[in-house]
Amino acid sequence: MQERYSLNQTPEQIARDVIDVQLRLAGWAVQEKNRIDWQVSAGIAVRHYPTQDGLEADYVLFVDRRPVGVIEAKKEEEGHHLTVVEEQSSGYAESKLKHLNNDPLPFVYESTGTLTRFTDYRDPKPRSRPVFTFHRPETFREWLGQERSLRERLYDIPGLNPAALRECQTMAINNLEGSFRDGRPRALIQMATGSGKTFAAITFIYRLLKHADAKRILFLVDTRNLGEQAEQEFRAYTPNDDNRKFVELYNVQRLQSSSIAGDSQVCITTIQRLYSILKGEELDASLEEQNPAEKSWQPKEPVPVAYNAKVPIEFFDFIVIDECHRSIYNLWKQVLDYFDAFLIGLTATPDKRTFGFFNENIVSEYSHERAVADGVNVGYDVYTIETEITRNGSRIRAREFIDKREKLSRRKRWEQLEDDVVYTSLQLDRDVVNPSQIRNVIRAFRDALPVLFPGRTEVPKTLVFAKTDSHADDIIQIIREEFNEGNAFCNKITYKASDDPKSLLARFRNEYNPRIAVTVDMIATGTDVKPLECLLFMRDVRSSNYFEQMKGRGTRTLSFDDLKKVTPSVTSAKTHFVIIDAVGVTKSLKTDSRPLERKPTASLKELLEAVTFGAQDEDLYTSLANRLARLDKQITEQERAAFIDKTGGKSINQVVRELLDSWDPDSINRKAREMNPEAVQEMGGSPSGETTMFLEQAQQVLLHEARSTFNGSLNEFIDTVRRVHEQIIDTVNLDQVTRSEWAAESGEKAAELIGEFKAYLEAHKDEITALGIFYNQPYQRRELTFRMIREVLDRLKADRPMLAPMRIWHAYEQLEKVKGASPINELIALVSLIRRVTGIDPVLTVYDRTVDANFKQWVFSRHSGAGDKFTDEQMSWLRMIKEHIASSIHMEQDDLDLTPFDAYGGRGRMWQLFGDRMDGIIDELNEALTM
């Protein structure tokens, strides 16, 4: 039943009527003080209740006949004065009520019906805050049954045990808990991708549940894939003060319907599903697959959110918003404003809007650059591939015979062009496919691999970003051909992959094959694939935040042992990753946000999804109507019949009319007259408050009728029909690579890294023994031991992890010709680098190659004289000693008792072979081979 407001009501009376409605929706019975019926409800809101001082509170709230709170009502125009009214409302709360010897009332509101503020006077420093509406009586009953309020219990959280936490995680959690104690309602944690945001979040969620007795916490994501990943991390988490898993201690529910279990303490859901739950509707799961912030169409203003008694405003105590740089604006902001909860944002890439939304309360700032410096992340280099057609497009002359291919069925037909076809780089892989362009990019990538990853015998784990599913299929076919590999080598991993995308992703992450994955959507952001060492961009990205997230797929660190499991030829832990820029993505202009005006470039699919979600925007409905009207002229009679079947009898023209009518003033007027016949005369004059209300109600009915037609099945059908058009396959114009080289900034970055490495060695040469020998006492290099070099490596990793030897080795590879393949381990790399920096070697040379050359020279010098020559068995022992020095830096006599010498008789056998020359030969080799 719709509420009616009389035309002669005062603004104060209208505000009270609105407040009455809101109270009833929240479970309160609204009654006059002389007509109280305690049996109606556990929660009674009594109007105009007097105090013993003779004053009247606008509303006194009773729970189980006990007064618990007051509401001070003001007209809507007084919204900007509500904080001024706090003294008045708190005065009522502290007063004795007539007939009652009550204590001060803890729960106090000031409200205009449009704006409501709430103060819990049980808090340590009571502070009013805006709330969407009033809390439920059951909530007050529960709160009063607790000794202290939630904000006071936040002071009980003990100091954090940093075991198993990174320094950046410890800092974020400590600062966040300090923010809670300060009563700040919103906090932002900015941590670089790969630095452990989710682990830190689960840690503070655990502490809030255990130590602050939080009732329910929401972990909010914007794609189903991220929700599944978060659920796995909750299941894997074991706190450092309890041997049990998180899920053994607390109930974790990932929402997959509109139902929320009453005993859930952690809920994981997409913001799309949360919105549908508030609307009381089921959500088509396909709408959770793509991050809504990536859609080109965005609404002009938040969609209205109505109160839902099943999910009241106090349902969650805390809301953690993952990837909050992209999911809290425009359409979704009001979903978050609905809840009376602390909001904690997690992001690697905040922008100005993010800072503003979280009240500039940044409790942690941990950048990618800092994460790389700390060894938490790995850095990257950029390699550029450019082709003639990628840059300039091409022209197909009239009368050429070309293929045309249907996008979905991929069925081809042969046709002769009547006119020239000129296409730009922007049309590539959408309107026109040039296989030669794709092939030349893939060949250039393949041929550059020895430069990008020297010494590898297999392709590093590589992720290719494609424009569309059709583009991805073309790329996969050509990759398999150019690398001469089978199906397992390269797979498409998207939500629409015919194979199970989760299984494919698991194989890509944990198994040898696939070596290359091609994606459009699913693993562009948020998904961890730690072995990734190469990102190949074959699509441009114009959003700076989205690009940073895509780059973040490569930043994860991985140990040598774990990386070797999937990439056997590696010789070290993951030290960096490479971005292959084949479309100019690293150079194209990026923006921080999307414009909010109508975008004619928005896809039909995106418009359909927005309407299905309930977005209310005239441009949106008009755009969709125009697209459908255009589609009606293109489809077959059979497709029109299928459309009517899927809409329950509505033709495309009828649907178009409904979309346009929902914003047409005449149609809205007609609907309002149908719904309110008695108001016909009133609506004929100038708009009154009640007339406006009738019109708004009528428009909401028309909007509901228009959008209720759309669902996942119909949307998919419309999008499929639209996409059954043809692409031109340009096999006439062959492409050629015009550029395949390290980007200039990669060379600059490499030089900077080498400079920092040299400065570190110079600064520590007087305190680290091995460095002192290299710099100041080169004649003592024969005394260098494995332990001495290990000390240098350990200090370097502790002080400057970003200067890891294999990272510096890679930097040298970009700037000069390096002698030898990649070192077999970090110690060999470090010795080689120190020799290069100190000038012993004029170019960087793998240490074991230097040892080999010195060994040959030493043997030659011994054999060239008149003395005895070494026998074959003696030479075998000398080669074993040489290999030992090459890998362990130094030879000790005791090493003869170890592998591999022990298998050939050890120290005793060498004595038999060399006699009293044994010690001298070991000393000679230690000196000669390390020079």
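This is a predicted model, so every value here is computed, not measured. (Residues numbered from 1 in each chain as written. Predicted model: local features only at pLDDT ≥ 70, side-chain atom pairs only at ≥ 80, totals over all residues. Heavy atoms only, no water.)

### A few points about the overall build of the protein
A tally of regular secondary structure across the protein gives 34 helices and 27 strands. Along the first, second and third principal axes, the C-alpha atoms of the protein reach 125 × 85 × 40 Å. Here the analysis covers contacts within the protein between residues at least 6 apart in sequence; of these, 71% occur between residues at least 24 apart. Across the protein, the centroid of the 124 positively charged side chains sits 2 Å from that of the 145 negatively charged ones. (Helix = DSSP H or I, 4+ residues; strand = E, 2+ residues; numbered from the N terminus. Contact = heavy atoms within 4.5 Å. Lys, Arg positive; Asp, Glu negative; His and termini not counted. Charge placed at Lys NZ, Arg CZ, Asp CG, Glu CD.)

### Here's the deal with the sheet that holds strand β6 (residues 116–120)
Within the open sheet, the seven strands sit side by side as β1-β2-β3-β4-β5-β6-β7. Their pairing is mixed. Unpaired on one side and paired on the other, β1 (29–32) and β7 (129–131) mark the two borders of the sheet. Along the sheet, successive strands turn relative to each other by an average axial angle of 30 degrees, direction set aside. When strand β5 (residues 107–111) meets β6, the two strands line up antiparallel, connected through five bridges. When the sheet's bridge partners are listed, Val108 is paired in β6 with Thr119. (Pairing = 2+ DSSP bridges. Axes fitted to C-alpha atoms, helices over the stretch in contact; angles between N-to-C directions.)

### A look at the packing of aromatic side chains
Scanning all chains against the criterion turns up 38 aromatic pairs. Ring plane angle 70 degrees and centroid distance 6.2 Å describe the contact between Tyr206 and Tyr250, whose orientation is recorded as edge-to-face. In this pair, Tyr206 is assigned in helix α6 (residues 197–211) and Tyr250 in the loop between α8 (246–249) and β10 (252–254), connecting sequence segments 44 residues apart. Tyr250 matches Tyr206 in its accessibility class, with the two residues each being buried. An aromatic cluster is defined as three or more aromatic residues linked by ring pairs; in this entry it consists of Trp28, Phe107, Tyr109, Phe118, Phe134, Phe140 and Trp143. A cation over an aromatic ring shows up here: Arg216 above the ring of Phe315, its NZ or CZ 4.0 Å from the ring centre. The ring of Tyr512 has Arg515 lying over it, and the distance from NZ or CZ to the ring centre is 4.5 Å. (Phe/Tyr/Trp six-rings, centres within 6.5 Å; stacked < 30°, edge-to-face > 60°. Buried < 20%, exposed > 50% of the residue type's maximum accessible area, 1.4 Å probe, protein only. Lys NZ or Arg CZ within 6 Å of the ring centre and 35° of its normal.)

### A short note on the sheet that holds strand β24 (residues 534–537)
On the basis of which strands lie adjacent, the open sheet formed by seven strands has the order β22-β23-β21-β24-β25-β15-β27 and mixed pairing. Looking at the sheet topology across the chains shown, the edges are occupied by β22 (490–492) and β27 (737–742). For this sheet the average axis-to-axis angle between neighbouring strands, irrespective of direction, equals 20 degrees. Pairing between β22 and strand β23 (residues 516–519): three bridges, direction parallel. Each bridged residue has a counterpart across the sheet, and for Cys490 the counterpart in β23 is Ile516. Sheet strands touched by helix α14 (residues 435–452): β15 (379–387), β21 (462–465), β23, β24, β25 (576–581) and β27. Its angle to β15, the strand with the most contacts, is close to 140 degrees.

### Here's the deal with the state of the cysteines
Across all of its chains, the model carries zero disulfides by this definition. Of the cysteine sulfurs around Cys534, a residue in no disulfide, the closest is that of Cys490, at 12 Å. (Disulfide = S-S within 2.5 Å.)

### Thoughts on the nonpolar core
General note: in soluble globular proteins, nonpolar side chains tend to be found buried as a group. Judged by nonpolar contacts, the single largest core of 61 residues is most densely connected at Phe757, Ile789, Leu878, Phe914 and Leu925. Counting residues per element, this core draws most heavily on helix α30 (residues 826–837), at eight residues. Apart from residues no more than four positions distant in its own chain, Ile789 is found in contact with Ala770, Phe774, Leu784, Leu827, Leu830, Val831 and Ile889. Within the second largest apolar cluster, 51 residues are counted, among which are Ile277, Leu287, Tyr307 and Val335. (Core = buried A, V, L, I, M, F, W, Y, C linked by side-chain atoms within 4.5 Å.)

### Description of the environment of Ala42
Assignment of secondary structure puts Ala42 in the loop between β1 and β2 (43–50). Look at Ala42 and you get partly exposed, because its relative accessible area is 31%. Measuring from C-alpha to C-alpha, the distance between Ala42 and Leu815 comes to 78 Å, with 773 residues separating the pair along the chain. In this structure, Ala42 is in contact with Phe62, Val63, Asp64 and Arg141, ignoring residues within four places of it in sequence.

### What about the confidence of the model for the protein?
In the predicted model, the protein carries a mean pLDDT of 85, and 91% of its residues have values of at least 70. Model confidence for the protein, summarised as mean pLDDT per element, is weakest for strand β17 (residues 401–406) at 74 and strongest for helix α3 (residues 137–144) at 97. For the stretch residues 593–600, pLDDT sits under 50, and the model shows 17 contacts to residues farther than four places along the chain or on other chains. Overall, residues 680–686 carries pLDDT values under 50, and its contacts beyond four positions in sequence, including any with other chains, amount to nine contacts. (pLDDT = per-residue confidence, 0-100.)

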